Amino acid sequence: MAAPRHITVSETSRPMLPRHARLKFDETRKVWVILAPERVLAPDEIAVEVLQLCDGVRSVATMADALAAKYAAPRGAILTDVIAMLQDLADKGFLTEAREKTE
Amino acid sequence: MSELADHRATEARESFSVLERQKSVAETHGIPVAVLLELTHRCPLQCPYCSNPIELDRGSSELTTDEWKKVLTELAEIGVLQVHFSGGEPTARKDLVELVRHANDAGLYTNLITSAVLLPRDRLAALADAGLCHVQISFQGNEPIVADRVAGLKDSHRRKIEVAKWTRELDLPLTVNAVMHRQNLHQLADIIQMAVDLDADRLEVANVQYYGWALKNRAALMPTLQQIEETSRLVEEARERLKGTLTIDYVVPDYYALRPKKCMGGWGRQFFNISPAGKVLPCHAAESITGLEFESVRSNHSIAWIWQNSDAFNRYRGTAWMKEPCRSCEFREIDLGGCRCQAFALTGDAGNTDPACTLSPLHEAVFKQAELEAASEENRFLYRNFAGGTPEGGDHGA
């Protein structure tokens, strides 16, 4: 019933923020924030860019393609960075994967 | 090198810093990111360690629905990001769904802190539909005999378990809040397992903090040093074992600490709460300190003005108010002298060093007192209620 709690991020993952974590632009402080129970995180610019791609549909591989093209950077290095960053977020409980449709 | 990699190389910081901590350094009194709203002091439970003041706000003095809505709108406008709906028991307010919806529409992240005993499934579903982001349920033990006795309410534990299950069925994230003391610490391992079985995201293992009701019940609640050591060991072990599955936040009882806690992240630095009657307070126990005047949202002042300028918030802000041994202490910016409410309760002056600190002249006596009380056979509770408390042994409870 409930989605698996802890995910391992790989190239084929389709990550998304869980319901209890919300990415929002804080107009007062002019920073992006992740709102979660008892915590407010301030992701850096790169993390925000990656998180905006985390819609539960795009795979990590697709994200790496997009970022490599945008920054004209080696895809391999970007992929490593993105996976490390997302895994860190997953370990803190702020990242999940879209559920498989069962019906 | 890529722009992305360059950025990484020059930015040594973590990808995800914690905003509370960052902002408290960056801005001296920036508006807090999270605010606690005590909607009511009414509650069907009678826990002897209740964090509400001894003098509870009556139902008739509570802010109206429109007043709370105005508060929520104002909070969102001045930069508050999260609100915790608490009490008393917030579900005792008939307008809770309406308030959650209003908060959600204003862009606020909403958390419900509840005893869960007054929450039918359809009402919980209505709260979820209104945009509620997270539910925190308090537990008094892992089974009804201890739990119902501590809560002073029959059948409370069973109902909490039921609501916790509904919470997850409705796909709402769940925090289990377990308030720990001498008479339930032996259940901690089972409580951790209960949180896992309930599919909770987070567990708060919160040792009782001794102000207000808890101070009156200190002899019945104070854990032994041995219990605390065992608790810390259990929490460490569970944190490692459940990494990525269950986040465990742990609050130690400061009577057994060497350094005081940086209470509320510092007075007037990161936190305020609003009482049922609309007072804006630096801490939910602040009204226990006599001689401080607290401004209300019903006054002519804005909440931002009260936060920045009111005497109660400025009295113990920063370090200028400190006396010795805090004034010249190398840790003064780290713990800010500990807890003002505890300093007041134990020394009679909120400006003194919190006796939880080993540098306080009263520390030794307080520690000895804790040891004596922990070893005592005094297990009877004084239950929390509007009548100023009722000793255990009457006809209520389990």
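Use the structure listed above.
Report follows, based on the coordinates. (Residues numbered from 1 in each chain as written. Chains lettered and ligands numbered in written order. Predicted model: local features only at pLDDT ≥ 70, side-chain atom pairs only at ≥ 80, totals over all residues. Heavy atoms only, no water.)

Let's shift gears to the overall build of chain A. Along chain A, the regular secondary structure elements total three helices and five strands. Moving toward the C terminus, one meets the helices and strands of chain A in the order β-β-β-β-α-α-α-β. The C-alpha radius of gyration of chain A comes to 14 Å, within 12% of the 13 Å expected for a compact globule of 103 residues. Buried residues in chain A amount to 48% of all 103 residues. Considering only residue pairs separated by 6 or more positions, chain A has 60% of its internal contacts joining residues 24 or more positions apart. Counting every atom, chain A has about 5100 Å² of accessible surface; 55% of that belongs to carbon and sulfur. In chain A, which carries 14 positive and 15 negative side-chain charges, the distance between the mean positions of the two groups comes to 6 Å. (Helix = DSSP H or I, 4+ residues; strand = E, 2+ residues; numbered from the N terminus. Rg over C-alpha atoms; globule rule 2.2 N^0.38 Å. Buried < 20%, exposed > 50% of the residue type's maximum accessible area, 1.4 Å probe, protein only. Contact = heavy atoms within 4.5 Å. Areas by Shrake-Rupley, 256 points an atom, 1.4 Å probe, with all protein chains shown as cover. Lys, Arg positive; Asp, Glu negative; His and termini not counted. Charge placed at Lys NZ, Arg CZ, Asp CG, Glu CD.)

On to the side chain of D335 of chain B. All names here are of chain B. Locating D335 in the fold gives a position in helix 14 (residues 332-335). Despite its burial, D335 pairs with no opposite charge, the nearest such side chain being R259 at 4.1 Å. A polar side-chain atom of D335 sits 2.8 Å from the main-chain amide nitrogen of G337. Contact partners of D335, with chain neighbours within four places excluded, come to R259, P260, K261 and K262. (Salt bridge = Lys/Arg side-chain N within 4 Å of Asp/Glu carboxyl O. Polar contact = N/O pair within 3.5 Å; in protein donor to acceptor, adjacent residues only side chain to side chain.)

The subject of this paragraph is the environment of M194 of chain B. Residue and element names in this part refer to chain B. Along the chain, M194 turns up in helix 8 (residues 188-197). On the accessibility criterion, M194 (8% relative accessible area) is buried. Here the alpha-carbon distance between M194 and G393, two residues 199 residues apart in the chain, equals 29 Å. When neighbours within four sequence positions are excluded, M194 is seen to be in contact with F139, G141, N142, H157, I161 and V176.

For the rest of this paragraph, the subject is helix 7 (residues 156-169) of chain B. Residue and element names in this part refer to chain B. For helix 7, which comprises 14 residues, the first-to-last C-alpha distance of 20 Å matches the rise-based estimate of 20 Å (1.5 Å per residue) to within 8%. Among the residues making up helix 7, those that are buried are S156, H157, K160, I161, V163, A164, W166, T167 and R168. Taken together, the buried residues of helix 7 touch helix 5 (121-129), strand 5 (134-139), helix 6 (144-151), strand 6 (174-180) and helix 8. Phi turns positive one or two residues past the end of helix 7, at D171, with a value near 65°. (Expected span 1.5 Å × (residues − 1).)

This next bit is on the nonpolar core. Of all hydrophobic cores here, the largest spans 88 residues; its most connected members are L37, L75, V83, F85, V176, L203 and F272 of chain B. Residues within four places of F85 of chain B in sequence aside, it is in contact with L37, L39, L72, P90, L96, L99, V100, A103, T110, N111, L112 and I113 of chain B. (Core = buried A, V, L, I, M, F, W, Y, C linked by side-chain atoms within 4.5 Å.)

Below, the discussion takes up the sheet that holds strand 2 (residues 34-38) of chain B. All names here are of chain B. Taking strand neighbours across the sheet as the criterion, the nine strands line up as 8-7-6-5-4-3-2-9-10 in an open arrangement whose pairing is mixed. Of all strands in the sheet, those bounded by a partner on one side alone are strand 8 (247-251) and strand 10 (280-281). Alignment of strand 7 (residues 202-207) against strand 8, held across five bridges, turns out to be parallel. Across the sheet, residue E204 finds its bridge partner in strand 8, namely D249. (Pairing = 2+ DSSP bridges.)

All names here are of chain B. Tracing the sequence through the fold places A219 in helix 10 (residues 218-221). Relative accessible area serves as the criterion here: at 23%, A219 is assigned to the partly exposed category. Here the alpha-carbon distance between A219 and N300, two residues 81 residues apart in the chain, equals 43 Å. Excluding anything up to four places from it in sequence, A219 contacts R182, E373, S376 and E378.

A word on the environment of T175 of chain B. Residues and elements named next belong to chain B. Locating T175 in the fold gives a position in strand 6. With 24 residues separating them in the primary sequence, T175 and D199 have C-alpha atoms 9.3 Å apart. Contact partners of T175, with chain neighbours within four places excluded, come to H134, V135, Q136, I137, R202 and E204. At a separation of 2.8 Å, a polar atom in the side chain of T175 contacts the side chain of H134. Of note is the side chain of T175, whose polar atom sits 2.9 Å from the side chain of R202.

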